[in-house]
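# A structural walkthrough
Given next are the chains, with one letter for each unit.
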Amino acid sequence: MPAPRTVLLTGAAGGLGTLMRGLLPSYGYELRLFDVAPVEGEPDAITADLGDREALRAAVRGTDAVIHLAGISLEASFDRILRANIEGTYNLYEAAREEGVRRIVFASSNHVIGHTPRPVPGDPPLPVGTTRRPDTFYGLSKSFGEDLAQLYWDKHGIETVSVRIGSCFAEPTSVRMLSLWLSPADGARLFHAALTAEDVGHTVVYGSSDNTRLWWDLTTARALGYEPRDDSEGYAAGLIAEQGELDPANPDHAHLGGHFVTDPPIWPR
Ligand code: NAI
Ligand code: 15L
């Protein structure tokens, strides 16, 4: 596959989309932007909903690849998750199939395995083969997205790297995030590797920096050529002084998904 150049970035108005809009052009990508919300300072961005199949088809037309970040990024009612994350991701894959786009990078999430007990020091890092145990309808929708990606590879030859992102923000803001943090610069390195690695089929990777307190295994991410350069440890002393160490007796600290596991469910509508 020739290295992608023109890339559709869905979710371009969001937190991660904004970070990646700043970082990815230095890798030589020409970004086409898509979001239901206007993208500040980007008059050419496509403002449309993932439910608008025609708009999506026009958006992917002529692109070499898609980074799919758009969707609801936290827990919400099942109906909202269904429309944005489940139907929306299906619409995106259909648009890619119809327009011949061969590579998608899918923003999956740690919440696909959120109900997994949090590793404690001395435990081996969690492999990508860890049984999926979503902690929310949100995590369930990301699990669906990974299966959809597998189907579109097996049936239609569309390649996907599903990146189970930990926490990608400018800085980690909790002790839990010390284990899951993906620095924005490492995020761009990982997306670049996911766009350019050869023959990925459908590959699932964990998305984080090379954190001292890492809970999971970055082998499949490194196999794409990803070389993380950051480590959250520089933030550890400050965050632990402020919040204390993770407490095994605190149910919010017992699972990888943190408070997503214990938050009360948001029922259907
Ligand atoms: P965000 O909530 O800041 O951005 C999501 C963007 O998607 C928003 O700009 C929103 O307007 C857009 N969007 C939502 N529904 C849409 C629809 N129906 N049609 C078109 N656009 C729609 O989220 P963030 O943090 O930027 O995350 C981006 C993606 O990465 C999300 O899919 C999220 O689930 C995933 N992710 C992010 C993590 C993080 O640490 N930031 C961790 C794990 C996964
Ligand atoms: C996610 O999947 C969310 O999109 C993001 O906002 C964070 O909450 C992140 O997980 C996390 O677990 O820290």
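Everything in this summary refers to the structure shown in the same document.

What counts, and where the lines are drawn
- Residues numbered from 1 in each chain as written.
- Chains lettered and ligands numbered in written order.
- Predicted model: local features only at pLDDT ≥ 70, side-chain atom pairs only at ≥ 80, totals over all residues.
- Heavy atoms only, no water.
- Near = heavy atom within 4 Å.
- Polar contact = N/O pair within 3.5 Å; in protein donor to acceptor, adjacent residues only side chain to side chain.
- Areas by Shrake-Rupley, 256 points an atom, 1.4 Å probe, with all protein chains shown as cover.
- Helix = DSSP H or I, 4+ residues; strand = E, 2+ residues; numbered from the N terminus.
- Nonpolar A, V, L, I, M, F, W, Y, C, P; charged D, E, K, R; others polar.
- Core = buried A, V, L, I, M, F, W, Y, C linked by side-chain atoms within 4.5 Å.
- Buried < 20%, exposed > 50% of the residue type's maximum accessible area, 1.4 Å probe, protein only.
- Contact = heavy atoms within 4.5 Å.
- Expected span 1.5 Å × (residues − 1).

## A closer look at the site of ligand 1
Lining the immediate surroundings of ligand 1 are 26 residues, of which Leu16, Asp35, Ser73, Tyr138 and Cys168 lie closest. A distance of 3.0 Å separates an oxygen atom of ligand 1 from a polar atom in the backbone of Gly14. Between an oxygen atom of ligand 1 and a side-chain N or O atom of Lys142, the distance comes to 2.8 Å. If ligand 1 stood free it would expose 820 Å²; the protein chains cover 85% of that surface. Elements that contribute at least two residues to the shell around ligand 1 include exactly helix H1 (15-23), strand E5 (103-109) and helix H4 (137-156).

## Topic: the site of ligand 2
The environment of ligand 2 is formed by Ser73, Leu74, Ser109, Asn110, His111, Tyr138, Gly166, Ser167, Phe169, Arg176 and Phe260. For ligand 2, an oxygen atom lies 2.7 Å from a polar atom in the side chain of Ser109. Separating an oxygen atom of ligand 2 from a side-chain N or O atom of His111 is a distance of 2.7 Å. In isolation ligand 2 exposes 320 Å². Once the protein is present, 82% of that is buried. For the shell around ligand 2, the class distribution of residues is 4 nonpolar, 6 polar and 1 charged.

## Examining the nonpolar core
Membership of the largest hydrophobic core comes to 32 residues, with the highest contact counts inside it found for Ile67, Val163, Ile165, Phe191 and Leu224. Of all elements in the fold, only strand E1 (6-10), H1, strand E4 (65-68), E5, strand E6 (159-165) and helix H6 (184-196) reach the threshold of two or more residues within this core. By residue number, the principal contributor to this core is H6, which donates 6 residues. If sequence neighbours within four positions are ignored, Leu224 has contacts with Val161, Ala193, Ala194, Ala197, Val200, Thr203 and Val205. With 21 residues, the next largest nonpolar core counts Leu8, Val60, Leu148 and Ala149 among its residues.

## Quick notes on H6
The first and last C-alpha atoms of H6 sit 18 Å apart over 13 residues, in line with the 18 Å expected at 1.5 Å per residue. For H6, the buried fraction is high: 10 of the 13 residues fall into the buried class. By the burial criterion, the buried members of H6 are Pro184, Asp186, Gly187, Ala188, Arg189, Leu190, Phe191, Ala193, Ala194 and Leu195.

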